Amino acid sequence: MKTLEQLVRPNIEKLTPYSCARDEYKGEKAKAFLDANENPYNTPWNRYPDPLQHKLKKKVARIKGVRPENIFLGNGSDEAIDLAYRIFCRPQIDNVVAIEPTYGMYKVCADINDVEYRAVPLDENFCLSADKLLAACDKNTKLIWLCSPNNPTGNHLDAAEIERILQSFDGIVVIDEAYSDFSSHPVFRLQIDRYPHLIVFNTMSKAWGGASIRLGMAFADKAIIDLYNKVKYPYNIGLPTQEKALEILNDPFEVDKWIRLLIQERNSLMSALSELSICEKIYPTDANFFLIKVSDAQAIYDYLLKREIIVRNRTRVALCYNCLRITVGTKSENSALLAALRQY
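Under an unreviewed UniProt entry, the name given to the protein is Histidinol-phosphate aminotransferase, and the source organism is Hoylesella saccharolytica F0055. In its Sequence similarities (unreviewed entry) section, the UniProt entry covering the protein states "Belongs to the class-II pyridoxal-phosphate-dependent aminotransferase family. Histidinol-phosphate aminotransferase subfamily." The record in UniProt for the protein states the following under Subunit (unreviewed entry): "Homodimer."

What follows is the structure, given as structure tokens:
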């Protein structure tokens, strides 16, 4: 296994991060804040937010079962994705390996950072092969991207195959668990002490109903989190986001209720759709969405669009020909979808 120093880009290893005013003073109160060129009026919005989100991380740590020092908070998970490239991948030299199909931002960020992206197809049932992923790696492979439950397929990746990758690959393994709250499978964020080269993502956008506040989470060994904090912008999470996140996190029982309702609705909706003539196959899912293969994805997508019902057409995605990705909504939203498709 390579050391972290061997994996980090040399310029990042030598980087002296920007030191912001609030890094030098950790308290919440002082007689006078005269250090950051802020306007003294319009409290609390006149002050820069906590750059390391200490209060919020303590709350996240209690709920997620990790230590605060093992948490990075980003402007959505997309910031954590982009920073992984900027920390570990040398442009035009290093490469990453990912499953296909999967979340599109892994490739977008690879292209932005000028890093080769090697996509390894899942099998016809969207199952993962550790051997195929590892075979695609070479000495310049810095990251392996896994999404479980996977987007857009919805299924949970086999934990034994993931373990094989973690034990065999000498680079960084990133597991995106954005949809794990909807799954009954064990989560890998609780394994970061076993695997110092593992990074696990979570988000406020799915089960927690906080997509608009743009808050993503990365859990990893403290040495990796220190690198994230070294490279991130000084005040990447604004005060409104931090405060709203704390408010949402204060009521986990409400979120548990949402999850139960969504899983019930998901099962009912999948069962009803399976009886329609347009349905060719509905794939197993562990998320708050599912992939359905239909007779003509583009025509059905256009038909629903005219009726102001928005789903995702994934027919141009690898292995997803004639497939629609349908997010589970409220009972009334799901009923509207069913009524429309019964009339198609």
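A. View of the UniProt feature "modified residue: N6-(pyridoxal phosphate)lysine" (unreviewed entry) in the protein. With numbering matched to this structure, UniProt assigns "modified residue: N6-(pyridoxal phosphate)lysine" (unreviewed entry) to K206. Its place among the elements puts K206 in the loop between strand 6 (198-203) and strand 7 (216-220). Here Y179 takes part through its side chain, which lies 3.4 Å from a polar atom of the side chain of K206.

B. The arrangement of the packing of helix 4 (residues 54-64) against helix 10 (residues 239-249) in detail. At a minimum axis distance of 10 Å, the contact between helix 4 and helix 10 shows a crossing angle of 25°. In terms of orientation, helix 4 and helix 10 fall into the roughly parallel class. Crossing of helix 4 over helix 10 shows left-handed handedness. Seen from helix 4, the contacting residues are K55, L56, K59, V60 and I63; seen from helix 10, they are Q242, A245, L246 and L249. For the contact of helix 4 with helix 10, a count of residues per class yields 6 nonpolar, 1 polar and 2 charged.

C. Region of the structure containing the environment of Q191. By the element assignment, Q191 lies in the loop between strand 5 (172-176) and strand 6. As for Q191 and F219, which are separated by 28 residues in sequence, their C-alpha atoms are 9.8 Å apart.

D. Highlighting helix 4. Within the span of helix 4, buried status applies to L56, K57, K59, V60, A61 and K64. Residues of helix 4 that are buried in the fold lie against strand 1 (71-74), strand 6, strand 7, helix 9 (222-231) and helix 10. Looking at the residues trailing helix 4, positive phi occurs at G65, about 75°.

E. Local environment of the domain arrangement of the protein. Structurally, the protein comprises domain 1 (4-250) and domain 2 (253-342). Inter-centroid distance (C-alpha atoms) of domain 1 to domain 2 is 29 Å. Taken together, the 23 residues of domain 1 in the interface contact 21 residues of domain 2. When the two sides are added together, the surface that domain 1 and domain 2 hide from each other amounts to roughly 1,700 Å², 67% of it contributed by carbon and sulfur. At the junction of domain 1 with domain 2, the criterion picks out 0 salt bridges. There are 4 residue pairs in polar contact (both at pLDDT 80 or more) connecting domain 1 and domain 2. Residue composition of the side of domain 1 that touches domain 2, grouped by class: 9 nonpolar, 10 polar and 4 charged.

F. A look at the sheet that holds strand 2 (residues 95-100). Taken together, the 7 strands give an open sheet; going across it, the order is 1-7-6-5-4-2-3, and neighbouring strands pair in mixed fashion. Of all strands in the sheet, those with a lone pairing partner are strand 1 and strand 3 (116-121), marking the two edges. With strand direction ignored, the average angle separating the axes of adjacent strands in the sheet is 20°. By the bridge criterion, 5 bridges tie strand 4 (residues 141-147) to strand 5 in an arrangement that is parallel. By the bridge assignment for strand 5, I144 is matched with V173. With respect to the sheet, helix 5 (residues 76-88) is in contact with strand 1, strand 2, strand 3, strand 4, strand 5, strand 6 and strand 7, its orientation differing from that of strand 4 by roughly 160°.

Cut-off values and rules
Residues numbered from 1 in each chain as written. Predicted model: local features only at pLDDT ≥ 70, side-chain atom pairs only at ≥ 80, totals over all residues. Heavy atoms only, no water. UniProt positions renumbered as here; feature names shortened; annotations may be inferred. Helix = DSSP H or I, 4+ residues; strand = E, 2+ residues; numbered from the N terminus. Polar contact = N/O pair within 3.5 Å; in protein donor to acceptor, adjacent residues only side chain to side chain. Axes fitted to C-alpha atoms, helices over the stretch in contact; angles between N-to-C directions. Parallel < 35°, antiparallel > 145°, perpendicular 65-115°, else oblique. Left-handed = near helix turned anticlockwise from the far one by under 90°. Contact = heavy atoms within 4.5 Å. Nonpolar A, V, L, I, M, F, W, Y, C, P; charged D, E, K, R; others polar. Buried < 20%, exposed > 50% of the residue type's maximum accessible area, 1.4 Å probe, protein only. Domains from an automatic or database assignment. Buried area = accessible area lost by both parts, 1.4 Å probe. Salt bridge = Lys/Arg side-chain N within 4 Å of Asp/Glu carboxyl O. Pairing = 2+ DSSP bridges.

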